[in-house]
Amino acid sequence: MTWRERAACHGEDTELWFPADRYDRRGLDSPDTRASIALGICATCPVATQCLEAAMREETAVSGRWGIRGGLTAYQRADLARQQNRCVECGAPFDKSRTNRLTCSEECAEVRHARSKRARSARRSWGADKEATA
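The following paragraphs examine the structure supplied in this document. For clarity, every value in this text was computed on a predicted model and none was experimentally measured. (Residues numbered from 1 in each chain as written. Predicted model: local features only at pLDDT ≥ 70, side-chain atom pairs only at ≥ 80, totals over all residues. Heavy atoms only, no water.)

### Let's talk about the overall build of the protein chain
Line of reasoning, step 1. A count of helices and strands for the protein chain gives five helices and zero strands.
Line of reasoning, step 2. When the helices and strands of the protein chain are placed in sequence order, the string is α-α-α-α-α.
Line of reasoning, step 3. The buried share among the 134 residues of the protein chain stands at 29%.
Line of reasoning, step 4. Looking at the protein chain alone, contacts between residues at least 24 apart form 41% of all its contacts between residues at least 6 apart.
Line of reasoning, step 5. Surface exposure of the protein chain reaches about 8,800 Å², of which carbon and sulfur atoms provide 52%. (Helix = DSSP H or I, 4+ residues; strand = E, 2+ residues; numbered from the N terminus. Buried < 20%, exposed > 50% of the residue type's maximum accessible area, 1.4 Å probe, protein only. Contact = heavy atoms within 4.5 Å. Areas by Shrake-Rupley, 256 points an atom, 1.4 Å probe, with all protein chains shown as cover.)

Okay, structure coming up:
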């Protein structure tokens, strides 16, 4: 049996771990949000450490960070990567002397900037769509 099969989330609805608005950080403190329910399940998981290690290994600039893995949100995993002196885009370790402690190279910095720009645009259009349907 693999660690994934022993996970507390095994067999649960995966949408709990991947909210519709991947950029929305609000509502995590509310006990009835999908993210809060997912984090509660993760808190009881016997293999949360393996899940988090896999997430930190697998998440790159290509795959991006999304959802809850290993009991942490995408933002929390990005913070963890930064604390570990790892590039938040590709996960590569970098020298502590770098002034930009988020990315390891200009290429990763550009990818991060483009991703942030797309996220802002998506949030704006999502808000506009919501207002148009109201």
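### Some thoughts on the pattern of salt bridges
If charged atoms from side chains of opposite charge come close, those side chains can pair.
Line of reasoning, step 1. Evaluation of the coordinates by the stated rule reveals two salt bridges.
Line of reasoning, step 2. Between Arg-4 and Glu-58 there is a salt bridge, and its shortest N-O distance comes to 3.2 Å. In this pair, Arg-4 is assigned in helix α1 (residues 3-6) and Glu-58 in helix α3 (residues 48-58), connecting sequence segments 54 residues apart.
Line of reasoning, step 3. Owing to a relative accessible area of 44%, Arg-4 belongs among the partly exposed residues under this scheme. (Salt bridge = Lys/Arg side-chain N within 4 Å of Asp/Glu carboxyl O.)

### Describing helix α4 (residues 74-83)
Line of reasoning, step 1. Every buried residue belonging to α4 is among Ala-74, Arg-77, Ala-78, Leu-80 and Ala-81, and all of these are buried. End-on, the buried residues of α4 take up no more than an arc of 160 degrees, which puts them together on one face.
Line of reasoning, step 2. Looking at the buried residues of α4, the elements they touch are α3.
Line of reasoning, step 3. Where α4 terminates, the next one or two residues include Asn-85, which has phi positive at roughly 55 degrees. (Arc of directions from axis to C-beta.)

### Things to note about the environment of Ala-81
Line of reasoning, step 1. Relative to the helices and strands, Ala-81 is located in helix α4.
Line of reasoning, step 2. Ala-81 sits 22 residues away from Thr-103 along the chain, and the two C-alpha atoms are 9.9 Å apart.
Line of reasoning, step 3. Filtering out sequence-adjacent residues up to four positions away, Ala-81 remains in contact with Met-56, Arg-65, Arg-86, Cys-87 and Val-88.

### Looking at the packing of α3 against α4
When two helices pack together, you describe them by how their axes are tilted relative to each other and by the distance separating the axes.
Line of reasoning, step 1. At their nearest, the axes of α3 and α4 sit 11 Å apart, and the two run at 75 degrees to each other. Classed by the angle they form, the pair α3 and α4 counts as roughly perpendicular. Judged by residue contacts, Leu-52, Ala-55 and Met-56 of α3 engage Arg-77, Leu-80 and Ala-81 from α4.
Line of reasoning, step 2. Of the residues assigned to the contact of α3 with α4, the class counts are five nonpolar, no polar and one charged. (Axes fitted to C-alpha atoms, helices over the stretch in contact; angles between N-to-C directions. Parallel < 35°, antiparallel > 145°, perpendicular 65-115°, else oblique. Nonpolar A, V, L, I, M, F, W, Y, C, P; charged D, E, K, R; others polar.)

### Observations concerning the nonpolar core
Line of reasoning, step 1. In this structure, Leu-16, Trp-17, Ala-35, Ala-38, Ile-41, Cys-42 and Ile-68 together form the largest nonpolar core, which totals seven residues.
Line of reasoning, step 2. The next biggest cluster of nonpolar side chains, apart from the first, holds six residues, and it includes Met-56, Ala-78, Leu-80 and Ala-81. (Core = buried A, V, L, I, M, F, W, Y, C linked by side-chain atoms within 4.5 Å.)

### Thoughts on helix α2 (residues 34-43)
An α-helical segment advances 3.6 residues per turn. Residues three or four places apart therefore align on the same side.
Line of reasoning, step 1. Listed in full, the buried residues belonging to α2 are Ala-35, Ser-36, Ala-38, Ile-41 and Cys-42.
Line of reasoning, step 2. For α2, the secondary structure elements touched by its buried residues are α3.

### Re the side chain of Arg-77
Line of reasoning, step 1. Tracing the chain through its elements places Arg-77 in helix α4.
Line of reasoning, step 2. For Arg-77, the residues in contact, after removing those within four places along its chain, are Leu-52, Ala-55, Met-56, Glu-59, Arg-65, Trp-66, Gly-67, Ile-68, Arg-69 and Leu-72.

### Overview of the state of the cysteines
Line of reasoning, step 1. Across all of its chains, the model carries zero disulfides by this definition.
Line of reasoning, step 2. We note that Cys-9 lacks a disulfide partner, and the nearest cysteine sulfur, in Cys-45, lies 6.0 Å from it.
Line of reasoning, step 3. Given a relative accessible area of 17%, Cys-45 falls into the buried group. (Disulfide = S-S within 2.5 Å.)

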